[in-house]
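# What the coordinates show
Read off the chains here:
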Amino acid sequence: MVILLAGVAGLASAQTLTISPPSPVFYGTPVTLIANLTGSGSCGGVVVTFSIGNTNVISLGEATTSQGSCIATLGPFGPATFPVGTYNLVADDYLSSSGSQFLSAVLVVNQPTPTITLMTSGSPSIVSNPVTLTANVSGTSGTPTGNVSFFDGNSIFPFLGPVSLSNGTASAPTSALTVGMHLLKAHYGGDLTYQGVDSATVPQTVQNATTTSLQASPLSSTFGQNVMLIAMVSPTPAGGTVTFMEGSNSIGSAPVIAGTATLSNYTPSIGSHTLTASYGGDTNDVPSPPSPPVTETVNRIATTTSLQAAPTSSTPGQNVMLTATVSPPNVTGTVTFMDGSTTIGTQQLNGGPASLSTSSLSIGSHT
């Protein structure tokens, strides 16, 4: 404990010793000492000695009241004079031949509370991937020193231990976070200047990385046939949705159930189609990149054509009716009628057989 005393000799009564700003103060705050002798008679030109303590005295210096004034002021004093602690201050006019009067006051210097902020390298993060924790500690009385400890909830991070501050910053990576939501905080342990303090909590979401694979059944189909697309997400998520893509166009989506999403109403057009699937993520699982592409080939429908001629035996110049029936039914397009390699004519299909009448067949057998 340190006592500041101000003594004034030759005065009938000593008045006050005050501290500006008033005690208590934080470490590093400039402190001025004021001895007020007002009411003690003529006090101009009085020399006042300021010190710490009345035994094992540490002198702070002297100040003289001006003519017409009863106030002696000394300071300001910085942290080199008043570290953290309690001081009894004395003001003493020991130079006066008529004896001394003492003024005293108590100065309390407290540790200030620094500011601490916690940041992470990013949220959400992937399980098992390192997350860097960074605490920045600052204060009004110089750069804090000492250590910072990092906590997940109320539990200190394993294997990290206290991390030393360097220029007010402590940083450390950790891979110990499990899948889910974590409330992280940093605790600064304090030093000779600053008291310890906790940061605000920082939420950190940790998720699984996911991959998606795709199967098409059948891989080669005919026009109009339904193709089933099956996407498998790993590791198995609790939920979420898979989006199926044909090139850059969405062709549908389906919920993930037990790690699988199925799209069963895909009917692609004739040709080659490049298909992918992507998982959209959920609370504990990040979205997946697109699956490796699958190529679906859609072929034309196979058709058969039968031909009838009526009559099958005719005379020159007689009309012969040729009727072509195409299977499967209800196909569209054109039927070409041939006599060997010679085209006789063409007819459009309109949901039924195509017929052509000709009287140009010559005498003989015609195929």
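About the criteria used
Residues numbered from 1 in each chain as written. Predicted model: local features only at pLDDT ≥ 70, side-chain atom pairs only at ≥ 80, totals over all residues. Heavy atoms only, no water. Helix = DSSP H or I, 4+ residues; strand = E, 2+ residues; numbered from the N terminus. Rg over C-alpha atoms; globule rule 2.2 N^0.38 Å. Buried < 20%, exposed > 50% of the residue type's maximum accessible area, 1.4 Å probe, protein only. Contact = heavy atoms within 4.5 Å. Pairing = 2+ DSSP bridges. Axes fitted to C-alpha atoms, helices over the stretch in contact; angles between N-to-C directions. pLDDT = per-residue confidence, 0-100. Patch = residues over 30% accessible without salt bridge, like charges linked within 9 Å, V, L, I, M, F, W, Y side chains within 5 Å. Areas by Shrake-Rupley, 256 points an atom, 1.4 Å probe, with all protein chains shown as cover. Salt bridge = Lys/Arg side-chain N within 4 Å of Asp/Glu carboxyl O. Core = buried A, V, L, I, M, F, W, Y, C linked by side-chain atoms within 4.5 Å. Phe/Tyr/Trp six-rings, centres within 6.5 Å; stacked < 30°, edge-to-face > 60°. Lys NZ or Arg CZ within 6 Å of the ring centre and 35° of its normal.

### Quick notes on the overall build of the protein
From N to C terminus, the protein includes zero helices and 32 strands. A compact globule built from 367 residues would reach a C-alpha radius of gyration of about 21 Å, whereas the protein, at 48 Å, exceeds it by more than 25%. Its C-alpha atoms put the protein at 165 × 45 × 25 Å along the principal axes. The burial tally for the protein puts 37% of its 367 residues in the buried class. Here the contacts in the protein between residues at least 6 apart in sequence split such that 59% fall between residues at least 24 apart.

### Comments concerning the sheet that holds strand S26 (residues 271-279)
Across the sheet, five strands lie side by side as S21-S27-S26-S23-S24; this open sheet has mixed pairing. In this open sheet, the two edge strands, each paired with only one partner strand, are strand S21 (220-222) and strand S24 (249-255). Adjacent strand axes in the sheet meet at a mean angle of 30° when their direction is disregarded. Direction of pairing for S26 relative to strand S27 (residues 294-299): antiparallel, over a ladder of five bridges. Bridge pairing links Ser272 to Thr297 in S27.

### Side note on the confidence of the model for the protein
Averaged over the protein, the pLDDT score is 88; the fraction of residues at 70 or greater is 92%. Here residues 1-14 is a poorly scored stretch, pLDDT under 50, and it has 98 contacts once near neighbours within four places are set aside; other chains count.

### Details of the sheet that holds strand S10 (residues 115-120)
Sheet architecture is open: three strands sit in the order S10-S12-S16, paired in antiparallel fashion. Two strands bound the open sheet, and with one partner strand each, they are S10 and strand S16 (169-174). On average, each strand axis in the sheet is inclined to that of its neighbour by 15°, with strand direction left out of account. Sheet topology note: the strand S12 (residues 131-138)/S16 ladder contains six bridges and is antiparallel.

### A closer look at a nonpolar patch on the surface
A contiguous nonpolar patch, built from Phe223, Ile270 and Ile301 and spanning about 270 Å² of accessible area, is present on the exposed surface. For Phe223, the position within the fold is in the loop between S21 and strand S22 (227-234). On the basis of relative accessibility, which here comes to 43%, the residue Phe223 falls in the partly exposed class.

### Things to note about the pairing of strand S31 (residues 342-350)
Sheet analysis places strand S30 (residues 332-339) next to S31, joined by eight bridges and oriented antiparallel. Its bridge partner being in S31, Gly333 is matched across the sheet by Leu349. Linking S30 to S31, which pair antiparallel, is a turn of two residues; within it Gly340 sits at a positive phi near 70°.

### Brief notes about the nonpolar core
Judged by nonpolar contacts, the single largest core of 27 residues is most densely connected at Leu17, Leu33, Phe50, Phe82, Leu89 and Leu107. Sort the elements by how many residues they give to this core and strand S9 (residues 102-110) lands first, with four residues. Ranked by size, the runner-up nonpolar core spans 21 residues in total, among them Val163, Leu165, Ala170 and Ala172.

### So, the pairing of strand S29 (residues 320-327)
Bridge analysis of strand S28 (residues 304-310) against S29 gives seven bridges, and the strand direction is antiparallel. Looking at the pairing, Leu307 lines up with Ala324 of S29. Of the pairings in the sheet, the one linking S29 to strand S32 (residues 354-358) comprises five bridges and is antiparallel in character. Each bridged residue has a counterpart across the sheet, and for Met321 the counterpart in S32 is Ser357.

### Notes on the packing of aromatic side chains
Geometry of an aromatic ring pair is reported as the spacing of the ring centres plus the angle between the planes. For the structure shown, the criterion picks out two aromatic pairs. Each ring, one from Phe77 and one from Phe82, has its centre 5.8 Å from the other, and the planes form 75°; the classification is edge-to-face. With 5.0 Å between their ring centres and 70° between their planes, Phe82 and Tyr87 make a pair best called edge-to-face. Side by side, Phe82 and Tyr87 carry an identical accessibility label, which is buried. Through a chain of ring-to-ring contacts, three or more aromatic side chains come together here, namely Phe77, Phe82 and Tyr87. In this structure, Lys185 is placed above the aromatic ring of Phe151, and the distance from its NZ or CZ to the ring centre is 5.7 Å.

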